[in-house]
Amino acid sequence: GENVEQHPSTLSVQEGDSAVIKCTYSDSASNYFPWYKQELGKRPQLIIDIRSNVGEKKDQRIAVTLNKTAKHFSLHITETQPEDSAVYFCAASESFKTIFGAGTRLFVKA
Amino acid sequence: DTEVTQTPKHLVMGMTNKKSLKCEQHMGHRAMYWYKQKAKKPPELMFVYSYEKLSINESVPSRFSPECPNSSLLNLHLHALQPEDSALYLCASSQGILAGGFYEQYFGPGTRLTVT
């Protein structure tokens, strides 16, 4: 079955710096890669996603890149703000089945 | 309406109790999901319903019994649970594959379950 590895587990950055979170997946059949942000006690919220026929996608301060050959995908957050502090999960999906990475706890220091 | 709702928000039950969790969406989505999330862990898929039929069961113990009465509702019936089943239970929905739609999943706020 699919296995998603996510690094780092914890990331601390200064406000205004960039943050990068990396994931790898094992199942080449996975074709949809969402990223979720989860604040303490709240539901996971989709922040950006990318499909297997696209290499890069950007939405304001957030961008995601996908390397299908290497089975890598990454989340880039620029100009980080304290409200970006949360747990971020990458995921890989094939059909209805979504497997999540272990999560990255991001701290943005003001 | 772009929201998935779940009731109750919190539930405490004994190991001999029977209870149910409820999930509702009115976005016209035809796929609905149950996930279990333990503290500081990612959501783990339990069940998927597509067009009101059980599509995926991730080898979940039979003390968890899902039900999809119609396209807007999803229930999770609980019976004889163990303390290790205490977790946040998340419901999600997405467009179904047959609609040719995307797979974005929208999560409900979850039910925090404590088994005593």
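Presented here is a report on the structure given in the accompanying data block. (Residues numbered from 1 in each chain as written. Chains lettered and ligands numbered in written order. Predicted model: local features only at pLDDT ≥ 70, side-chain atom pairs only at ≥ 80, totals over all residues. Heavy atoms only, no water.)

### Looking at the overall build of chain A
Next up, step 1: Counting secondary structure elements, chain A contains 0 helices and 11 strands.
Next up, step 2: When the helices and strands of chain A are listed from N to C terminus, the series reads β-β-β-β-β-β-β-β-β-β-β.
Next up, step 3: What you see for chain A is a C-alpha radius of gyration of 13 Å, in line with the 13 Å of a compact globule of 110 residues.
Next up, step 4: Seen through its principal axes, chain A has C-alpha atoms that stretch 40 × 25 × 20 Å.
Next up, step 5: For chain A, buried positions account for 44% of its 110 residues.
Next up, step 6: Of the contacts formed within chain A by residues at least 6 apart in sequence, a portion of 51% connects residues at least 24 apart.
Next up, step 7: When the accessible area of chain A is evaluated, it comes to approximately 5500 Å², of which 46% is carbon and sulfur surface.
Next up, step 8: In chain A, which carries 13 positive and 13 negative side-chain charges, the distance between the mean positions of the two groups comes to 3 Å. (Helix = DSSP H or I, 4+ residues; strand = E, 2+ residues; numbered from the N terminus. Rg over C-alpha atoms; globule rule 2.2 N^0.38 Å. Buried < 20%, exposed > 50% of the residue type's maximum accessible area, 1.4 Å probe, protein only. Contact = heavy atoms within 4.5 Å. Areas by Shrake-Rupley, 256 points an atom, 1.4 Å probe, with all protein chains shown as cover. Lys, Arg positive; Asp, Glu negative; His and termini not counted. Charge placed at Lys NZ, Arg CZ, Asp CG, Glu CD.)

### Digging into the state of the cysteines
All names here are of chain A.
Next up, step 1: Across all of its chains, the model carries 2 disulfides over all chains by this definition.
Next up, step 2: At a sulfur-sulfur separation of 2.0 Å, the disulfide partner of Cys23 is Cys90. Every disulfide takes its handedness from the sign of the S-S torsion; for Cys23 and Cys90 that torsion is -100 degrees, giving left-handed. Residue Cys23 is found in strand β3 (residues 19-25), and its partner Cys90 is found in strand β9 (residues 86-94); the two are separated by 67 residues along the sequence. In this pair, the class of Cys23 matches that of Cys90, namely buried. (Disulfide = S-S within 2.5 Å.)

### Quick look at the pattern of salt bridges
Next up, step 1: This model, assessed by the stated rule, comprises 6 salt bridges over all chains.
Next up, step 2: Here Arg51 of chain A makes a salt bridge to Glu104 of chain B, at a shortest N to O gap of 3.9 Å. Placement of the pair is Arg51 of chain A in strand β5 (residues 45-51) and Glu104 of chain B in the loop between β9 (87-94) and β10 (106-107), with the two residues belonging to separate chains.
Next up, step 3: Linking Glu52 of chain B and Arg30 of chain B is a salt bridge whose minimum nitrogen-to-oxygen distance equals 2.5 Å. Linking Glu52 of chain B in the loop between β5 (44-50) and β6 (53-57) with Arg30 of chain B in the loop between β3 (18-25) and β4 (31-37), this pair joins segments that are 22 residues apart in sequence.
Next up, step 4: Residue class for Arg30 of chain B comes out partly exposed when judged on its relative accessible area of 29%. (Salt bridge = Lys/Arg side-chain N within 4 Å of Asp/Glu carboxyl O.)

### Considerations on the sheet that holds strand β8 (residues 72-77) of chain A
Residue and element names in this part refer to chain A.
Next up, step 1: The sheet built from 5 strands is open, its strands ordered β1-β3-β8-β7-β6 with antiparallel pairing. Only two strands of the sheet have a single neighbouring strand rather than two, namely β1 (4-7) and β6 (56-59). Put simply, the sheet's adjacent strands are angled 15 degrees from each other on average, direction ignored.
Next up, step 2: When β3 meets β8, the two strands line up antiparallel, connected through 6 bridges. Paired with Ala19 across the strands is Ile77, a residue of β8. (Pairing = 2+ DSSP bridges. Axes fitted to C-alpha atoms, helices over the stretch in contact; angles between N-to-C directions.)

### Quick look at the pairing of β4 of chain B
All names here are of chain B.
Next up, step 1: In terms of residue burial, β4 counts as a mostly covered element, since 7 of its 7 residues are buried.
Next up, step 2: A two-sided burial pattern is seen for β4, the buried positions comprising Ala31, Tyr33, Tyr35 and Gln37 on one face and Met32, Trp34 and Lys36 on the other.
Next up, step 3: As paired strands, β4 and β5 are joined by 6 bridges and run antiparallel to one another. Looking across to β5, one finds that Lys36 is bridged to Glu44.
Next up, step 4: Direction of pairing for β4 relative to β9: antiparallel, over a ladder of 7 bridges. Looking at the pairing, Trp34 lines up with Cys91 of β9.

### Here we look at the sheet that holds strand β8 (residues 73-79) of chain B
Residue and element names in this part refer to chain B.
Next up, step 1: Taken together, the 4 strands give an open sheet; going across it, the order is β1-β3-β8-β7, and neighbouring strands pair in antiparallel fashion. For this open sheet the edge positions go to β1 (4-7) and β7 (64-70), each flanked by a neighbour on one side alone. Each strand axis lies, on average, 20 degrees off the axis of its neighbour in the sheet, ignoring direction.
Next up, step 2: Note: β1 against β3, 4 bridges, orientation antiparallel.

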